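Understanding the architecture of this molecule
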Amino acid sequence: MSKILIAPSILSADFSKLGQEIKDVEKCGADWIHIDVMDGHFVPNITIGPVVVKSIRPVTKLPLDVHLMIKEPQKYVESFVKAGADIITFHIEADGDPKETIRLIKYFKKKVGVSVRPKTDASKLQGILPMVDMILVMTVEPGFGGQAFMGDCLPKIEEIRKIFKKDIEVDGGVNEMTAQEVIVKGANVIVAGTSIFGTKNYAEAIKKIRGGI
Ligand code: DX5
Ligand code: ZN
């Protein structure tokens, strides 16, 4: 299995010193920076837009992993590309033809991911798997950080891993314990918000989530 990648979700960072928080997790071993974009329509919360992504871009060398929890992803792909996103993930449940959104992200030569909500069946991804670089399996209802991990999503990770050889990212309620459960099922990219930014020692938290002692 490939190396386990850790993508701290800045949703749980201290936004009054966001640049420093990002530098700190980079120094402490993070592999990607996970950025949760919410529009108040697809999910009941509003967070970050392209302007914030643009201001983050010069702060870190790490790939910016942009998770679009928005109703109309196609409309905003170009703005996030221009702002400096490296990986763009949108939801299969969002509006528009997913194949067109995938083609658009690829047109800009960015890595493309597709995400599924906890209640969405893996079969909904049929047909698009050969087109994408990553599948993002949500293990909480998208919208907020700090929610409890939904263990009933574990079989879905395993089901996707059987037929998909590229990156499988898991997002929501992942801590040092639940990380091991998702890794066993075949996930190789771990998003973690509270279990990193909610601790005092980011290096130790990242190491534990990755599976170190
Ligand atoms: C939830 C977001 C997650 C969230 C993770 O909608 O997509 O990325 O910030 O936060 P934790 O790790 O605290 O569940
Ligand atoms: Zn996310």
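Described in the following lines is the structure provided in the data block. Note that the structure is a prediction, hence the values are computed from the model and not measured.

Okay, the sheet that holds strand β2 (residues 33–38) next. Strands sit in the order β1-β8-β7-β6-β5-β4-β3-β2 across an open sheet of eight strands; the sheet is parallel. Edge positions in the open sheet fall to β1 (5–8) and β2, since each of these has one partner strand only. The average angle at which neighbouring strand axes cross in this sheet is 25°, direction not considered. Bridge count between strand β6 (residues 134–138) and strand β7 (residues 167–171): five bridges; the pairing is parallel. Pairing of valine 137 across the sheet is with valine 170, part of β7. Against the sheet, helix α8 (residues 202–210) touches β1 and β8 (189–192), its axis set at about 135° to β1.

This brings us to a positive patch on the surface. On the surface, Lys99, Arg103, Lys106 and Lys166 cluster together into a positively charged patch. One can find arginine 103 in helix α4 (residues 98–107).

A few words on the packing of helix α6 (residues 176–185) against α8. Two numbers describe how α6 lies on α8: the axes approach to 7 Å, and their chain directions differ by 30°. Considering the angle they form, α6 stands roughly parallel to α8. Contacts from Glu176, Ala179, Gln180 and Ile183 of α6 reach α8 at Lys208, Ile209 and Arg210. Class assignment of the residues belonging to the contact of α6 with α8 gives a composition of three nonpolar, one polar and three charged.

Reading guide: rules and limits
- Residues numbered from 1 in each chain as written.
- Chains lettered and ligands numbered in written order.
- Predicted model: local features only at pLDDT ≥ 70, side-chain atom pairs only at ≥ 80, totals over all residues.
- Heavy atoms only, no water.
- Pairing = 2+ DSSP bridges.
- Helix = DSSP H or I, 4+ residues; strand = E, 2+ residues; numbered from the N terminus.
- Axes fitted to C-alpha atoms, helices over the stretch in contact; angles between N-to-C directions.
- Contact = heavy atoms within 4.5 Å.
- Patch = residues over 30% accessible without salt bridge, like charges linked within 9 Å, V, L, I, M, F, W, Y side chains within 5 Å.
- Areas by Shrake-Rupley, 256 points an atom, 1.4 Å probe, with all protein chains shown as cover.
- Salt bridge = Lys/Arg side-chain N within 4 Å of Asp/Glu carboxyl O.
- Lys, Arg positive; Asp, Glu negative; His and termini not counted.
- Charge placed at Lys NZ, Arg CZ, Asp CG, Glu CD.
- Parallel < 35°, antiparallel > 145°, perpendicular 65-115°, else oblique.
- Nonpolar A, V, L, I, M, F, W, Y, C, P; charged D, E, K, R; others polar.

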